[in-house]
Amino acid sequence: MVKVTVKLIGPFIQAAGWSERVLDVPEGTTADGLVAAIKLDRNRPRIVTRNGAAIGPDEPVRDGDRVVIAPIYSGG
Amino acid sequence: MNGWTGRILRVNLTTKKSRVDGFDEAFARKWVGGRGFAAKILFDELKPGVDPLGPENKFIAAVGPIAGIPAPNTGKTVVAAKSPMTGGYGDGNLGTRVTEQLRKAGYDALIVEGRAERPTILLIEDDKVEFLPADELWGKGSYATNDWIYARYGRGAGVLNIGQGGENLVRYAIVRSLEGRAGGRPGMGAVMGSKRLKAIVVKGTRPIPQADPAAMKKLGQDDLRKVHEIDKQSGWSIQSTNGVLAWCNEVAALPVRNFRLTHHPEAWRIDGERLNEARVATYGCPNCTMRCGITIRDHEGREAEMDYENIGLLGSNLEVFDLDQVGSLNYLCDDYGLDTMSAGATLSFYADAIDRGAVAGDFKFGDAERAKELLRLAALRQGDLGNLLAEGSLRAARRIGRGSEAYAMQVKGLEVAAYNCKFIPGMALAFGVSPIGAHHKESWVITFELKQTSRESYGPEKAQKVIELQRIRGGLFEFIVSCRFPWIELGWGIENYPKYFNTITGLDWTLDDMWRVADRIYAMIKLFWLREFPDTNRRLDYPPDVWFDPANVDTEGPIAGRHLEYDKYDQLLQHYYDIRGYDRRGLPTKATLGRLDLGAEAAAAEKFGGLT
């Protein structure tokens, strides 16, 4: 297992019922896998960042990462 | 001609006379409305070099074919003039009942000329135009002014008004309407104030001309319901625009401490979650499906309507992390009629200049109480300090000197909106090439930069994306005139907008037709700038120097050690010019102008600066 801090942004907070948690997930869990584990709508457009940099859906998260899952904002 | 009234109301405050000018379908098709009408009228009618705060400047309120029709988020009006902030073309849009009322009164645009002898309310009721004394309102804030007008003319009247900031010619004074709406960042409120025009009140009773009113009614009502439902499902309105604050903090894009820093551990205290928890009311514009005006109790117990840009620049950028205190600063800006963004950025520049020893003063980052006092001094132009701050950051920097212009966070004289582009080249370009100065409304590419390309890239794909967004955001939505939020935040299809446009006008336009108008307007505005600044060059399209400064890099976090690079930015800017068909000075070439049917305007601008 690896330990990651997950921060949700905007409407994802209401969808999950929390905004930030430290989660233990199996090693090799990808960004999309994390979204599925949290039970967010996988069809909803999003941007996932790891330690401030965007990652693709198939990229694994690593122990100690801070992962942020946000909707696609367009800047008001 | 359907979709347009074909009439522009021209009012002169000096002579107290008015007349109606007609326009034909060729003009309507070429410029469509809103920003298109405003840019064309100001280019044609203003002599180059006129004082933006003199009677020769003209204040324009313009709507478009979709404006005011019951359809998703059509409550916007464009206000425009030569800008006191930048000296170039200036405009903005705001939600207001003027949109519908102006069209019902029988006009697509209002041109206000001259200067009244005494404070004046301009009252327009269909064909009747009256110049009413506003002496008892002069010196009052925007909220009291709005209430006074509602008490006399009813809440259904369309109202544009100014606070003390506009009266006192603060260069970043805005125009206000409804409970918390504001528009015209480049000093459109100061232009009203220079004309001693405290408010415009509009009431109309006529039907809006449409090709197929029954079809538009059904289409509009169906889509109002659909967009509202999408918003409910998406949850966007829970935090509205302020959802983006926490994200900007995570990806190092938040303005903190006059943009010196890109994130802050206390930012959570003013983020969208906290805003939603503190909510006491929610406001929106006419025909809105996704009301974004989240209102909280400020530190003094008043209702303050907040959004991300306000909180970014009056909160994190000033290092004020008490939400109720940010609310107070927001409230004061609204009541004085000051642009929250420029006000926040000007105060943060001042704190930074003190920090660096460029100027002596007692204002420090984080001091909300002193910030309130400084806003009052600026709005009333009291003393040397009030007058310094009322000029905005660029003019203040030029007065202070000592290298402070490098960290006056502005482009073309207009302060940067709440996105810190220390290492976001595409968004820095978007601010650089915005036709009114550093406004986010023209183009916003940050998620594209992070997700679909790389932050490090200065490639042509970023320039292409900036142009694509300019065509939609600064083009289409500003000339048809409608709020961009259903499209940008909920993914409401862009193809819906030609559908509305065609149903109303009876035309058969495609999106490509829209982009051509958008490109024409952007080129037209470039010519306006050329005429005002004949020695213009590509430096006018550069973001602030401090973003390029290796001494200003983050020391930790996602972009530690990174900054923009001049040669690479210049290449990115060249990509933008190449795609647009502009020359190395950043001006549309004669061939481009010809392609956009701007031959006559090119001939008029030619003598000012050697078009290529």
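Residues numbered from 1 in each chain as written. Chains lettered and ligands numbered in written order. Predicted model: local features only at pLDDT ≥ 70, side-chain atom pairs only at ≥ 80, totals over all residues. Heavy atoms only, no water.

## Notes on the overall build of chain B
Moving on, step 1. In terms of helices and strands, chain B carries 25 helices and 17 strands.
Moving on, step 2. Relative to its length of 612 residues, chain B is compact, with a C-alpha radius of gyration of 22 Å against a globular reference of 25 Å.
Moving on, step 3. Projected onto the principal axes, the alpha-carbon positions of chain B cover approximately 60 × 55 × 50 Å.
Moving on, step 4. A buried classification covers 69% of the 612 residues belonging to chain B.
Moving on, step 5. In chain B, the share of contacts with a sequence separation of at least 24, taken over all contacts with a separation of at least 6, comes to 70%.
Moving on, step 6. Counting only carbon and sulfur atoms, one obtains 48% of the accessible surface of chain B, whose full area is about 19,100 Å².
Moving on, step 7. Positive and negative charge centroids in chain B, built from 79 and 80 side chains respectively, lie 4 Å apart. (Helix = DSSP H or I, 4+ residues; strand = E, 2+ residues; numbered from the N terminus. Rg over C-alpha atoms; globule rule 2.2 N^0.38 Å. Buried < 20%, exposed > 50% of the residue type's maximum accessible area, 1.4 Å probe, protein only. Contact = heavy atoms within 4.5 Å. Areas by Shrake-Rupley, 256 points an atom, 1.4 Å probe, with all protein chains shown as cover. Lys, Arg positive; Asp, Glu negative; His and termini not counted. Charge placed at Lys NZ, Arg CZ, Asp CG, Glu CD.)

## Comments concerning the sheet that holds strand β15 (residues 303-306) of chain B
All names here are of chain B.
Moving on, step 1. Spatially, the three strands line up as an open sheet ordered β13-β14-β15, and their pairing is antiparallel. If you trace the sheet from one side to the other, it starts and ends with β13 (279-283) and β15, each paired once. If you compare each strand with its neighbour and ignore which way they point, the axes differ by 35° on average.
Moving on, step 2. In terms of strand pairing, β13 meets strand β14 (residues 293-297) through four bridges, oriented antiparallel. Each bridged residue has a counterpart across the sheet, and for Tyr 283 the counterpart in β14 is Gly 293.
Moving on, step 3. Where helix α12 (residues 323-336) meets the sheet, its contacts fall on β14 and β15, and the angle it forms with β15 comes to roughly 90°. (Pairing = 2+ DSSP bridges. Axes fitted to C-alpha atoms, helices over the stretch in contact; angles between N-to-C directions.)

## Some details on unusual backbone geometry
Residue and element names in this part refer to chain B.
Moving on, step 1. Located in the positive-phi region is Leu 178, a residue other than glycine, with phi close to 55°.
Moving on, step 2. Along the chain, the position of Leu 178 falls in the loop between β10 (175-177) and β11 (181-183).
Moving on, step 3. What makes Leu 178 buried here is its relative accessible area of 6%.
Moving on, step 4. Although it is not a glycine, Phe 259 sits at a positive phi angle of roughly 65°.
Moving on, step 5. Residue position: Phe 259 is located in the loop between α9 (243-250) and α10 (272-278).

## Focus: the side chain of Thr96(B)
Moving on, step 1. Looking at the element boundaries, Thr96(B) is found in the loop between β5 (89-95) and α3 (98-105).
Moving on, step 2. Other than its neighbours up to four places away in sequence, Thr96(B) contacts Gly75(B), Thr77(B), Val159(B), Leu160(B), Ser177(B), Leu178(B) and Pro286(B).

## Concerning α12(B)
Residues and elements named next belong to chain B.
Moving on, step 1. For α12, which comprises 14 residues, the first-to-last C-alpha distance of 20 Å matches the rise-based estimate of 20 Å (1.5 Å per residue) to within 8%.
Moving on, step 2. Taken across its 14 residues, α12 has 13 buried, putting it largely inside the fold.
Moving on, step 3. Where α12 ends, the next residue or the one after it, Gly 337, has phi of about 75°, a positive value. (Expected span 1.5 Å × (residues − 1).)

## So, the packing of aromatic side chains
Residues and elements named next belong to chain B.
Moving on, step 1. In this structure the tally under the stated criterion is 25 aromatic pairs over all chains.
Moving on, step 2. With a centroid separation of 5.1 Å and an interplanar angle of 70°, the aromatic rings of Tyr 542 and Tyr 569 are classed as edge-to-face. Within this pair, whereas Tyr 542 is found in the loop between α22 (511-532) and α23 (566-580), its partner Tyr 569 is found in helix α23, the two being separated by 27 residues in sequence.
Moving on, step 3. Feature note: the residues Phe 477, Trp 487, Tyr 497 and Tyr 500 constitute an aromatic cluster, connected by ring pairs.
Moving on, step 4. For Arg 356, the ring lying beneath its charged end belongs to Tyr 407, and the centroid distance is 5.9 Å. (Phe/Tyr/Trp six-rings, centres within 6.5 Å; stacked < 30°, edge-to-face > 60°. Lys NZ or Arg CZ within 6 Å of the ring centre and 35° of its normal.)

## Digging into the confidence of the model for chain B
Moving on, step 1. When the pLDDT values of chain B are averaged, the result is 97; 100% of them are 70 or greater.
Moving on, step 2. Both confidence scores are given for the complex: pTM 0.98, ipTM 0.97. (pLDDT = per-residue confidence, 0-100.)

## Points about the pairing of β5(B)
All names here are of chain B.
Moving on, step 1. Burial within β5 is extensive, with seven of its seven residues counted as buried.
Moving on, step 2. Alternating residues of β5 divide into Tyr 89, Asp 91, Asn 93 and Gly 95 and Gly 90, Gly 92 and Leu 94, and every residue in both groups is buried.
Moving on, step 3. Two elements, strand β4 (residues 76-82) and β5, share seven bridges in a ladder whose sense is antiparallel. Residue pairing for β5: Val 79 is matched across the bridge by Gly 92.
Moving on, step 4. Here β4 hands over to β5 after six residues, with Gly 87 in that stretch at a positive phi of 80°.

## A closer look at the sheet that holds strand β6 (residues 109-113) of chain B
Residues and elements named next belong to chain B.
Moving on, step 1. The strand order β2-β1-β6-β3-β4-β5 describes an open sheet built from six strands, whose pairing is mixed. Either end of the sheet is taken by a strand with one partner, and the two such strands are β2 (17-22) and β5. Sheet twist, expressed as the average angle between the axes of neighbouring strands with direction ignored, equals 20°.
Moving on, step 2. Bridge count between strand β1 (residues 7-12) and β6: five bridges; the pairing is parallel. Counted as the bridge partner of Val 11 is Val 112 from β6.

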